[in-house]
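Architecture and fold: a report
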Amino acid sequence: TERAVSFMRANAGRPFLLYVAHSMPHVPLAVSDRFKGKSDAGLYGDVMMELDWSVGEIASAAAALGISDNTYIIIMSDNGPWLRYGNHAGSTGGLREAKQATFEGGSRVPCIVYCPAKVPAAVCSRLASNIDIFPTLAELADAPLPMHDIDGVSIVPLLENPDTESPRRFFTYYYRKNDLEAVTDGRFKLIFPHTYNSNEGCLQGRDGQPGDIREGRVETTELYDLRTDPGERYNIAGSRPYEQAALEAEAERMRAILGDDLTGRKGSGRRLPVVSKESLTYPEKR
């Protein structure tokens with residue numbers, strides 16, 4: 001946090017990008033002495049207090065430097081809580097499953113965007129993803145995007161008006177090596193048969209030690225209305241044929257491009273990773 005604030009002070013007179021990736025609240029947890037035992041919610045609560053302080057320091061620095069009106073502060077997470085770690089894992093708030101699964105408990109996370117002069121104070125429930133941050137920042141900075149296809153779309157319209165339709169029409173849930181496990185349009189979510197790590201019915205761990213986990217299985221295609229059933233408990237497959245067909249068509253479109261190990265598809269748009277001599281010799285150098 002101190003290095004982040006120092007960086008802001010040194011670059012306040014020109015455009016900058018500051019990426020602060022806290023290792024907490026991921027296990028193993030640790031907290032500074034200043035916050036130890038202060039939350040009345042155990043070590044996890046103490047960690048959240050320190051993260052809250054860190055964000056506050058960065059936001060306060062932007063205000064003190066006079067750049068708040070032209071600085072976007074974006075707070076987000078990569079996945080839901082790792083429930084098998086119990087009191088060191090947080091809560092899904094009733095969403096299904098957790099980290100290591102593509103159900104809402106594993107993938108639905110909050111995103112807070114703060115820029116008082118340009119982003120209205122409001123709650124937006126439209127569909128967006130972490131992969132949309134890159135093209136969003138590019139548009140805000142009037143910077144060109146790569147010539148090749150990218151996965152993200154700019155969500156600047158949502159920042160300006162949270163009630164507008166999302167530029168992201170669909171999101172496809174690829175997991176493991178290349179398994180297309182689900183697809184959503186933001187309201188309806190179609191889940192395909194697959195195996196997953198399940199926490200339900202398992203004993204959670206405590207104080208940094210993992211609890212049990214079992215293998216779960218989606219046997220048939222499932223459809224959920226996330227507006228009325230964000231916990232994905234009531235399968236309505238077959239009852240909304242138009243919406244289900246649209247999701248299935250999007251899944252097929254993505255399989256044709258990116259492939260899908262679950263259905264044995266290769267995909268025409270997959271690019272092989274670039275391997276350089278330096279990457280091959282790096283372990284020896286280290």
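Heads up: these notes are all about the structure in this document. Computed from a predicted structure; not experimentally measured. (Residues numbered from 1 in each chain as written. Predicted model: local features only at pLDDT ≥ 70, side-chain atom pairs only at ≥ 80, totals over all residues. Heavy atoms only, no water.)

What follows concerns the overall build of the protein. From N to C terminus, the protein includes 7 helices and 8 strands. By principal-axis analysis of the C-alpha atoms, the protein measures approximately 55 × 50 × 50 Å. Here the protein, with 286 residues, has 35% of them falling under the buried criterion. The long-range fraction of contacts in the protein, counting pairs at least 24 apart against all pairs at least 6 apart in sequence, stands at 54%. Carbon and sulfur atoms form 52% of the exposed surface of the protein, whose accessible area is close to 17,600 Å². Taking the 33 positively charged and 39 negatively charged side chains of the protein as two groups, their mean positions are separated by 4 Å. (Helix = DSSP H or I, 4+ residues; strand = E, 2+ residues; numbered from the N terminus. Buried < 20%, exposed > 50% of the residue type's maximum accessible area, 1.4 Å probe, protein only. Contact = heavy atoms within 4.5 Å. Areas by Shrake-Rupley, 256 points an atom, 1.4 Å probe, with all protein chains shown as cover. Lys, Arg positive; Asp, Glu negative; His and termini not counted. Charge placed at Lys NZ, Arg CZ, Asp CG, Glu CD.)

Before going further, it helps to examine helix H6 (residues 241-258). Its 18 residues give H6 an end-to-end C-alpha distance of 25 Å, which sits within 8% of 26 Å, the value for a rise of 1.5 Å per residue. Burial in H6 covers these residues: Glu243, Gln244, Leu247, Glu250, Ala251, Met254 and Arg255. Taken down its axis, H6 places every buried residue within 140° of arc, on the same side. In H6, the exposed residues that point more than 90 degrees away from the buried face are Pro241 and Tyr242. Next to the buried residues of H6 lie strand E3 (171-175), strand E4 (179-184), strand E5 (188-191) and strand E8 (222-225). (Expected span 1.5 Å × (residues − 1). Arc of directions from axis to C-beta.)

With that settled, the discussion passes to the pairing of E8. Note on strand geometry: in a regular strand, side chains alternate between the two faces of the sheet. Every second residue of E8 is oriented toward a common face, with Glu222 and Tyr224 on one face and Leu223 and Asp225 on the other, all of them buried. The pairing of E5 with E8 spans 4 bridges and is classified as antiparallel. Looking across to E8, one finds that Phe188 is bridged to Asp225. (Pairing = 2+ DSSP bridges.)

The next subject is the pattern of salt bridges. If you walk through the whole model with that rule in mind, you get 14 salt bridges. Where Glu252 meets Arg265, a salt bridge forms, and the shortest distance between an N and an O atom there is 3.1 Å. Of the two residues, Glu252 is situated in helix H6 and Arg265 in the loop between H6 and helix H7 (277-285); the sequence distance between them amounts to 13 residues. For Glu252, a relative accessible area of 36% corresponds to the partly exposed category. With a shortest N-O distance of 2.9 Å, Asp260 and Arg255 are connected by a salt bridge. With a relative accessible area of 0%, Asp260 lands in the buried category. Residue class for Arg255 comes out buried when judged on its relative accessible area of 7%. When salt bridges that share partners are traced, they join Glu104, Arg108, Lys189 and Glu232 into one network. (Salt bridge = Lys/Arg side-chain N within 4 Å of Asp/Glu carboxyl O.)

Strands sit in the order E3-E4-E5-E8 across an open sheet of 4 strands; the sheet is antiparallel. Of all strands in the sheet, those bounded by a partner on one side alone are E3 and E8. Mean inter-strand twist for the sheet, computed between neighbouring axes without regard to direction, equals 20°. The pairing of E3 with E4 spans 5 bridges and is classified as antiparallel. If you follow Tyr173 over to E4, its bridge partner there is Ala182. (Axes fitted to C-alpha atoms, helices over the stretch in contact; angles between N-to-C directions.)

Within the secondary structure, Arg255 sits in helix H6. Separated by 13 residues in sequence, Arg255 and Ser268 place their C-alpha atoms 8.8 Å apart.

This brings us to the packing of helix H1 (residues 2-11) against helix H2 (residues 42-64). With their axes 9 Å apart at the nearest point, H1 and H2 run at an angle of 15° to one another. Considering the angle they form, H1 stands roughly parallel to H2. Handedness of the H1/H2 crossing: right-handed. Across the interface between the two elements, Ala4, Val5 and Met8 from H1 touch Glu57, Ile58, Ala61 and Ala62 from H2. In terms of residue class, the contact of H1 with H2 is made up of 6 nonpolar, no polar and 1 charged. (Parallel < 35°, antiparallel > 145°, perpendicular 65-115°, else oblique. Left-handed = near helix turned anticlockwise from the far one by under 90°. Nonpolar A, V, L, I, M, F, W, Y, C, P; charged D, E, K, R; others polar.)

All right, on to the packing of aromatic side chains then. A full pass over the atoms with the stated rule returns 5 aromatic pairs. Geometrically, the ring pair formed by Phe103 and Tyr196 is edge-to-face, given 4.8 Å between the ring centres and 80° between the ring planes. Here Phe103 is found in the loop between strand E1 (73-76) and helix H3 (104-107), whereas its partner Tyr196 is found in strand E6 (residues 194-198), with 93 residues between them in sequence. By relative accessible area, Phe103 is classed as buried at 1%. Of the residues examined, Tyr196 reaches a relative accessible area of 7% and is grouped as buried. Sitting over the face of the ring of Tyr173, Lys189 holds its NZ or CZ atom 4.3 Å from the ring centroid. (Phe/Tyr/Trp six-rings, centres within 6.5 Å; stacked < 30°, edge-to-face > 60°. Lys NZ or Arg CZ within 6 Å of the ring centre and 35° of its normal.)

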